[in-house]
Amino acid sequence: MQLIRESLPLLLRGAQTTMLLVSLCLMLGLMLGVPIALSYLYGPRWLRPLLVAYDRVFRGFPALVLLFLFYFGIGNLPGVHLSPLFTVFLALGLRSAAYQSQIYRGSLLAVRKGQVDAARSLGMTARQTIWSIVIPQAAYFSLPGLSNEYSILLKDTALAFAVGVMELLTEGKFIALRTHAILPIYLTVGVIYLVLTYGGVLLFWVMERSIRIPGLSGHSKGRME
Amino acid sequence: MNFKRMFLFVITCGLVMGMFTASFGAQKPVYTDGIDAAFPPFSYIDKNGNPTGFDVEVVKWIAGEMGFTVKIVPVDWDAIIPTLKIGNIDLIASGMTINPERQQQVDFTDPYWKINLAVVVREVAGEDGSLAPQYNVFSAVTVGMTIGVQRGTTSQTWLQENVIDKGVDIKLKLYDNFLFAIEDLMIGRVDAAVIDAPTAQTAVVDCDATIVGTINTGEIYGYAVRKGDTELLALLNEGLKRLQANPEWDRLVSEWLIGG
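A few points on the structure. (Residues numbered from 1 in each chain as written. Chains lettered and ligands numbered in written order. Predicted model: local features only at pLDDT ≥ 70, side-chain atom pairs only at ≥ 80, totals over all residues. Heavy atoms only, no water.)

1. Side note on the overall build of chain B
Piece 1. Along the backbone of chain B there are ten helices and 13 strands.
Piece 2. Taking all 260 residues of chain B together, 52% fall into the buried category.
Piece 3. Across chain B, every contact between residues at least 6 apart in sequence was considered, and the portion connecting residues at least 24 apart equals 72%.
Piece 4. Accessible surface, chain B as shown: approximately 11900 Å² in total, 54% of it carbon and sulfur. (Helix = DSSP H or I, 4+ residues; strand = E, 2+ residues; numbered from the N terminus. Buried < 20%, exposed > 50% of the residue type's maximum accessible area, 1.4 Å probe, protein only. Contact = heavy atoms within 4.5 Å. Areas by Shrake-Rupley, 256 points an atom, 1.4 Å probe, with all protein chains shown as cover.)

Below, the structure written as structure tokens:
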């Protein structure tokens with residue numbers, strides 16, 4: 001107990017790095033994932049193969065391979081210098097963009113065609129329809145998927161140690177090795193991950209509740225699982 | 001179409017990010033020292049989460065003496081030489097044995113310490129209840145035994161070249177960190193563990209394991225810099241020379257390597 005109390009400041013310092021990484025990666029994923037999904041569905045045809053290639057690479061390669069590709073591959077190109085933290089942000093953020101683009105694609109497709117027809121029949125342009133009718137509804141639909149992406153990404157950031165980022169798991173590992181108290185330290189680390197995961201998931205759930213669209217999201221019993 | 005504008009925006013974002021990437025950390029007024037953060041007593045993370053150890057303190061002293069700032073970052077031992085090569089760290093000061101394979105990839109400073117390999121085994125209670133080593137150095141490294149070593153260390157290569165390649169059937173179990181090998185030794189998944197003697201001494205302090213013998217390899221430690229980085233190499237060599245002529249050297253040695 002004493003040991004856990006002593007280690008907590010270090011573990012929380014690691015947790016801070018972990019949370020910083022997760023939020024930055026999620027944001028990069030959002031910034032790129034939305035345009036990717038929109039371009040895939042509504043963009044010019046010639047762009048599709050590129051988007052598919054991006055998707056295949058970033059969803060098909062293991063995260064660790066991506067990390068090494070960026071760190072030792074791209075980071076080794078002349079004139080390029082990637083700090084470890086920035087590498088993890090890039091690799092996992094771009095990867096998350098690929099996953100998130102699928103979430104958004106699904107959400108955009110989930111908007112019922114009647115909605116689009118109704119908007120167009122009211123005289124809205126295609127652009128207005130997408131921005132005012134499709135995207136707000138799709139945003140709502142995408143929240144459960146995003147909450148899932150968050151909880152997976154959170155744990156993927158533990159890979160950051162491979163390139164020398166001191167996140168939660170790494171801090172825990174060094175404490176465990178120094179003190180031989182493997183079980184209590186890793187249990188504490190696990191509990192911190194659990195709290196962060198469900199804290200975040202709860203946040204997404206609250207968001208989902210607060211932007212519920214009356215009449216549309218009829219199945220109000222969508223409890224958090 | 002307005003989407004064209006959006007694509008332009010995305011592409012611009014990409015370019016800006018690329019430039020950001022290119023300039024990120026390009027200018028370094030400080031030297032970054034990569035360490036194996038679980039390699040006591042040479043380099044490890046202390047109770048407060050700060051890097052410390054003999055090598056860390058030596059490099060800090062040299063930095064103060066020679067007038068540069070040093071930043072210490074933990075790196076996986078496996079990846080430490082590639083990390084040096086791509087320039088994310090500028091030196092490795094972490095109990096690294098100078099050997100020909102590594103000399104092809106990095107430049108070493110003058111040697112500063114000499115070590116042998118130690119064989120660590122579990123202590124078990126004998127009939128009279130007192131603790132005694134489970135094996136001696138010969139019965140520990142022999143046919144049928146499983147030996148834990150840290151991946152990418154001279155312990156691994158020594159056992160491979162001098163035991164396994166000579167036809168003695170032992171199994172090596174590789175770990176990211178030697179301390180994990182000690183944990184596995186305590187659980188009984190390996191019969192013995194082999195590592196640089198000073199590290200072994202530190203590792204067995206608070207567990208029922210003991211050193212039953214050393215393998216006289218007479219390895220020498222040096223600090224590594226990127227090939228061709230003569231500037232930093234000269235700084236480190238001069239700093240080492242000055243430190244070894246200073247009473248502080250004896251103090252560091254007795255604090256970390258002999259006394260502790």
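Here the narrative resumes.
2. Overview of the overall build of chain A
Piece 1. Within chain A, the regular secondary structure consists of eight helices and zero strands.
Piece 2. Written out in order from the N terminus, the α and β elements of chain A read α-α-α-α-α-α-α-α.
Piece 3. The dimensions of chain A, computed from C-alpha atoms along their principal axes, are 70 × 50 × 20 Å.
Piece 4. By residue count, 46% of the 225 residues in chain A fall in the buried class.

3. Quick word on the environment of Arg178(A)
Piece 1. Within the secondary structure layout, Arg178(A) lies in helix H7 (residues 168-179).
Piece 2. With residues near it in sequence (within four places) discarded, Arg178(A) still touches Ile45(B), Asp46(B) and Lys47(B).

4. Here's the deal with helix H3 (residues 63-73) of chain A
Quick reminder: α-helices carry 3.6 residues per turn. Residues three or four places apart thus point the same way.
Piece 1. Taken together, the buried positions of H3(A) are Ala63(A), Leu66(A), Leu67(A), Phe70(A) and Tyr71(A). Viewed end-on, H3(A) has its buried residues packed into an arc of 120°, placing them on one side of the element.
Piece 2. On its buried face, H3(A) sits against helix H2 (48-60) and helix H4 (84-110) of chain A together with helix H3 (80-85) of chain B. (Arc of directions from axis to C-beta.)

5. With respect to the packing of helix H1 (residues 2-42) of chain A against H2(A)
Residues and elements named next belong to chain A.
Piece 1. As a packed pair, H1 and H2 sit with axes 9 Å apart at the nearest point and diverge in direction by 140°. The orientation of H1 with respect to H2, classified from their angle, is oblique. H1 and H2 meet at a crossing whose hand is left-handed. In this structure, H1 contributes Ile36, Ser39, Tyr40 and Leu41 to the contact, and H2 contributes Arg48, Leu51, Val52 and Tyr54. (Axes fitted to C-alpha atoms, helices over the stretch in contact; angles between N-to-C directions. Parallel < 35°, antiparallel > 145°, perpendicular 65-115°, else oblique. Left-handed = near helix turned anticlockwise from the far one by under 90°.)

6. Some thoughts on empty space enclosed by the protein
Residue and element names in this part refer to chain B.
Piece 1. As enumerated under the stated definition, the model contains three cavities of 30 Å³ or more in all.
Piece 2. Taken as a whole, the largest cavity holds about 60 Å³ of empty space.
Piece 3. Taken together, the elements giving at least two residues each to the lining of the largest cavity come down to strand S6 (91-97) and strand S12 (192-196).
Piece 4. Of the residues that constitute the lining of the largest cavity, the class distribution is four nonpolar, four polar and two charged. (1 Å grid on protein atoms, 1.4 Å probe; cavity = no way out; pocket = protein on both sides within 12 Å on 5 of 7 lines; lining within 4 Å. Points joined across faces, edges and corners; volume = space filled by probe spheres on them. Nonpolar A, V, L, I, M, F, W, Y, C, P; charged D, E, K, R; others polar.)

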